[in-house]
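Analysis of the macromolecular model
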Amino acid sequence: MTYNEFKRTNSTSSGENISSEEEVDSIEWAKQAYERLKSEQEKNKLKKQEIIEVSKSDSNLKIQESSQEDLGLSSKSSQISEEPSIDLRLNSENSSEPLLNQEASLGDFDNTFTWSAEVLAAQGKSSKDISIEQIDWLGRLRQGLEKTRQDFVTDLLNEYGDDPLTPEVVDDLETSLLKADAGIAATDQILDALRQRLNEEVLDADQGLKFLKEKLCEILDEPIKSSGIEVLFPQKGSLNIWLFVGVNGVGKTTTLGKIANLAVRSGYSALIAAADTFRAAAVEQLGVWAERSSVGVIANKTSNADPAAVVFDSIGAAKSKEIDLLLVDTAGRLQTKNNLMDELTKIRKIITKLAPNANVESLLVLDSSQGQNGLRQAMAFAKSAELTGVVITKLDGSSRGGVALAIASEAHLPIRFIGAGEGIRDLRPFNTFEFVEALLAKN
C-alpha cells in the first residue's frame, strides 16, 4: 500500500485528526517495507547459494565424465555434443543479471533508510513496490549531495530554526544559491517568487522550505517537459543512438560505460562505438567497462584513426545484430578547437545518412565541480553537437550541485542522468523530485 493508504487504514474510526501521528505512521510504514526487503534479500542469498552449489556439482560431474572418456568408458549422455556457444558481448538477454559484487544491499534501518522510503512513498510508491536498489540509490544520492547541501540551506536552517522567514534570510539564501552555482537566472527566479510570497503572508521555516522545493522542481522540470520525454530510455523496435560529448576529464567514458551497464540490466541490448580515437586510453577504458557488462565494442586502435569511420562501422554492426542501443564515445573536445567540433558535425551527418530513422540523442557530460564553467561548455556545445540533454557527474565530490539549476534555466537543457559516485551503479536517470529532496534533506 502507499503511505497515504497506510495512514487511512491505521487511522481511528472515531475520525480524529491523524496529522499529529503522521511521523509515527511513516516510521511504521517504513518498517513494513524494511522487513519485506530484508526477507527478500535473505531469500535471494539462499537462491544464489543453491545455484553455486548446483554449479559446483555440475563441474564435478563434468570432471568425472571426462575421466570416463579418457578410459574409453564414456556414457551415452557424455557423447551428446555441446550446445553452440553464445556471444555474451552482444546478447543482453544472457547478461541482464548484474555482477554479484556490484549488487545493491540492504543496510540498517536508520535515518537514511526511512528518508529514502519517505521519498519513494511521496511519489506514490507502494511499500510492496520499493526495491533494495531504489533505497540504495537514494542513500547514495543523499550522501553524494552532502557537500552542496551543507553550503546550500543547511546552515540557514540551523541558524534560523523554526522562526518565520525574513528578508535577511532571503538575502542569505541568495548567497547560498550563488555559492552552489545555481546561476543568476535561477537564483533571481527563485528569490523573486519567494519575496512575492512573503509579501502576501508570513512563512515559517517549514513552509519556506516547501515553497523552495516547489520552485526548484519547477525550474528543473521545465526543459524536461518541453522535450516531451519525461525519462530518457531506448525505444524498443528501432535503433537508438546516443552520442556522449564533453571536454576531457569530466568522466565521459566512465559515464558511457555505466549507462551501458544500466541498459543491459534493464533488458536492452547495447553496443559501444569507441570513437574517441585521439586518446588511446579511452579505447582500453571502454573495453574494461564493456567486459563488466558483457557489451560489444567497435574500435580502431590505429593511432589517430578516423572517428567517423568507427561510427560508420558501428552503425552497420548495430543494424546487423539488431541492437537496441548504440553508445558513441567521442573525443574530449575543447570548444575552441574548430577541427574537433567539425569532426562532431561529421559524425552527425553520417548518422543521419546511415540511420535516418534512428532515435538520436546527443548528451553533454558535465563535471559538477566545474560549476559555471560547465554551463559555458553547454552553451558552446549546443550548436555543433545538437545537444538534447545533459549528464551531470561527480556530484559526490562537489559543493556545486546547484549547477543543475543553471543548466536547466540558462541552457534550457533537460538533465537526463546524474552520477553520485565511482561505482558501476552510481549513475541513474534523473528524477527531479528525488534530486531536490536529497539537495534539501534535513540532517
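Just so we're clear, the structure is a prediction, and the values are computed from it rather than from any experiment.

**Thoughts on the overall build of the chain**
If you tally the helices and strands in the chain, you get 15 helices and eight strands. Contacts in the chain between residues far apart in sequence, at least 24 positions, make up 79% of those at least 6 positions apart. For the chain, the exposed area adds up to about 22300 Å²; of that, 48% sits on carbon and sulfur atoms.

**Thoughts on the packing of aromatic side chains**
The full count for this structure, using the stated rule, is five aromatic pairs. Aromatic side chains Tyr-34 and Phe-113 sit 5.0 Å apart centroid to centroid with 85° between the ring planes, which places their arrangement in the edge-to-face category. Here Tyr-34, found in helix H2 (residues 22-70), pairs with Phe-113, found in helix H3 (residues 111-122); they are 79 residues apart in sequence, far enough to count as distant. Take Tyr-34 and Phe-113: they sit in the same class, and that class is buried. Centre to centre, the rings of Phe-109 and Phe-113 are 5.6 Å apart; their planes meet at 45°, and the pair counts as tilted. On the basis of relative accessibility, which here comes to 30%, the residue Phe-109 falls in the partly exposed class. Classification of Phe-113 as buried rests on a relative accessible area of 3%.

**Thoughts on the packing of H3 against helix H15 (residues 432-439)**
Axis separation between H3 and H15 bottoms out at 10 Å; the angle between their running directions is 145°. You can see that H3 and H15 cross each other, and the crossing is right-handed. Residues Trp-115, Val-119, Leu-120 and Ala-122 of H3 lie in contact with H15, whose contacting residues are Phe-433, Glu-434, Glu-437 and Ala-438. Taken together, the residues of the contact of H3 with H15 break down into six nonpolar, no polar and two charged.

**Considering the pattern of salt bridges**
Using the criterion set out here, one finds 19 salt bridges in the structure. Between Glu-133 and Arg-265 there is a salt bridge, with its nearest N and O atoms 2.8 Å apart. Taken together, the residues span a long stretch of sequence, with Glu-133 in helix H4 (residues 132-144) and Arg-265 in helix H9 (residues 252-265) at a distance of 132 residues. The class of Glu-133 is partly exposed, set by a relative accessible area of 27%. Between Lys-394 and Asp-367 there is a salt bridge, with the nearest N and O atoms lying 3.6 Å from each other. Taken together, the residues span a long stretch of sequence, with Lys-394 in the loop between strand S6 (389-393) and helix H14 (403-411) and Asp-367 in strand S5 (residues 359-367) at a distance of 27 residues. Taking the relative accessible area as the measure of exposure, Lys-394 reaches 29% and is therefore partly exposed.

**A look at H15**
Burial of H15 is extensive: seven of the eight residues sit out of reach of the surface. Regarding H15, the residues found buried are Thr-432, Glu-434, Phe-435, Val-436, Glu-437, Ala-438 and Leu-439. Regarding H15, its N-cap is Asn-431, as a side-chain oxygen of that residue lies 3.1 Å from the backbone nitrogen of Phe-433 further along.

**Things to note about the sheet that holds S6**
Here we have eight strands laid out as an open sheet, ordered S3-S2-S4-S1-S5-S6-S7-S8, and mixed in their pairing. Only two strands of the sheet have a single neighbouring strand rather than two, namely strand S3 (296-298) and strand S8 (427-429). Geometrically, the sheet is characterised by an average inter-axis angle of 25° between neighbouring strands, direction not taken into account. Relative to strand S4 (residues 325-329), strand S1 (residues 240-245) runs parallel, the two being bridged by five bridges. Counterpart to Asn-240 in the pairing with S4 is Leu-325. Taken strand by strand, H9 contacts S1, strand S2 (270-274), S4, S5, S6, strand S7 (415-419) and S8, and its axis lies near 170° from that of S4. The strands that helix H10 (residues 280-293) touches are S2, S3 and S4; relative to S2, the one it contacts most, it runs at about 170°.

**A word on the pairing of S1**
Of all six residues in S1, six are buried, a share of seventy percent or more. Where burial is concerned, the two faces of S1 agree: the one with Asn-240, Trp-242 and Phe-244 and the one with Ile-241, Leu-243 and Val-245 are both buried. Where S1 lies against S5, six bridges are found, and the strand directions are parallel. For Phe-244, the partnering residue across the bridge sits in S5 and is Leu-363.

**Description of the packing of helix H6 (residues 167-179) against helix H7 (residues 184-200)**
As a packed pair, H6 and H7 sit with axes 10 Å apart at the nearest point and diverge in direction by 160°. One finds that H6 runs roughly antiparallel with respect to H7. Crossing of H6 against H7: the hand is right-handed. Residues Val-170, Asp-171, Leu-173, Glu-174, Leu-177 and Leu-178 of H6 form the contact with H7, whose participating residues are Ile-184, Thr-187, Ile-190, Leu-191, Leu-194, Arg-195 and Leu-198.

**A word on the nonpolar core**
One finds Leu-216, Leu-220, Ile-241, Trp-242, Phe-417, Ile-418 and Phe-435 to be the most contacted residues of the largest nonpolar core, which totals 117 residues. It is helix H8 (residues 205-227) that contributes the most residues to this core, eight residues altogether. Filtering out sequence-adjacent residues up to four positions away, Leu-220 remains in contact with Ala-404, Leu-405, Ala-408, Ile-415, Phe-430, Thr-432, Phe-435 and Val-436.

**Description of the side chain of Ser-293**
Residue position: Ser-293 is located in helix H10. Within polar-contact distance, the side chain of Ser-293 engages the side chain of Asn-261 at 3.0 Å.

**What to know about the side chain of Lys-215**
Positionally, Lys-215 belongs in helix H8. With sequence-adjacent residues up to four places away left out, Lys-215 is seen in contact with Ile-190 and Ala-193.

**Focus on the pairing of S5**
The buried count for S5 comes to seven of nine residues, which makes it a mostly enclosed element. Pairing of S5 with S6, which is carried by five bridges, proceeds in the parallel orientation. Bridging from a neighbouring strand, Leu-366 pairs with Ile-392 of S6.

The rules behind these values
- Residues numbered from 1 in each chain as written.
- Predicted model: local features only at pLDDT ≥ 70, side-chain atom pairs only at ≥ 80, totals over all residues.
- Heavy atoms only, no water.
- Helix = DSSP H or I, 4+ residues; strand = E, 2+ residues; numbered from the N terminus.
- Contact = heavy atoms within 4.5 Å.
- Areas by Shrake-Rupley, 256 points an atom, 1.4 Å probe, with all protein chains shown as cover.
- Phe/Tyr/Trp six-rings, centres within 6.5 Å; stacked < 30°, edge-to-face > 60°.
- Buried < 20%, exposed > 50% of the residue type's maximum accessible area, 1.4 Å probe, protein only.
- Axes fitted to C-alpha atoms, helices over the stretch in contact; angles between N-to-C directions.
- Left-handed = near helix turned anticlockwise from the far one by under 90°.
- Nonpolar A, V, L, I, M, F, W, Y, C, P; charged D, E, K, R; others polar.
- Salt bridge = Lys/Arg side-chain N within 4 Å of Asp/Glu carboxyl O.
- Polar contact = N/O pair within 3.5 Å; in protein donor to acceptor, adjacent residues only side chain to side chain.
- Pairing = 2+ DSSP bridges.
- Parallel < 35°, antiparallel > 145°, perpendicular 65-115°, else oblique.
- Core = buried A, V, L, I, M, F, W, Y, C linked by side-chain atoms within 4.5 Å.

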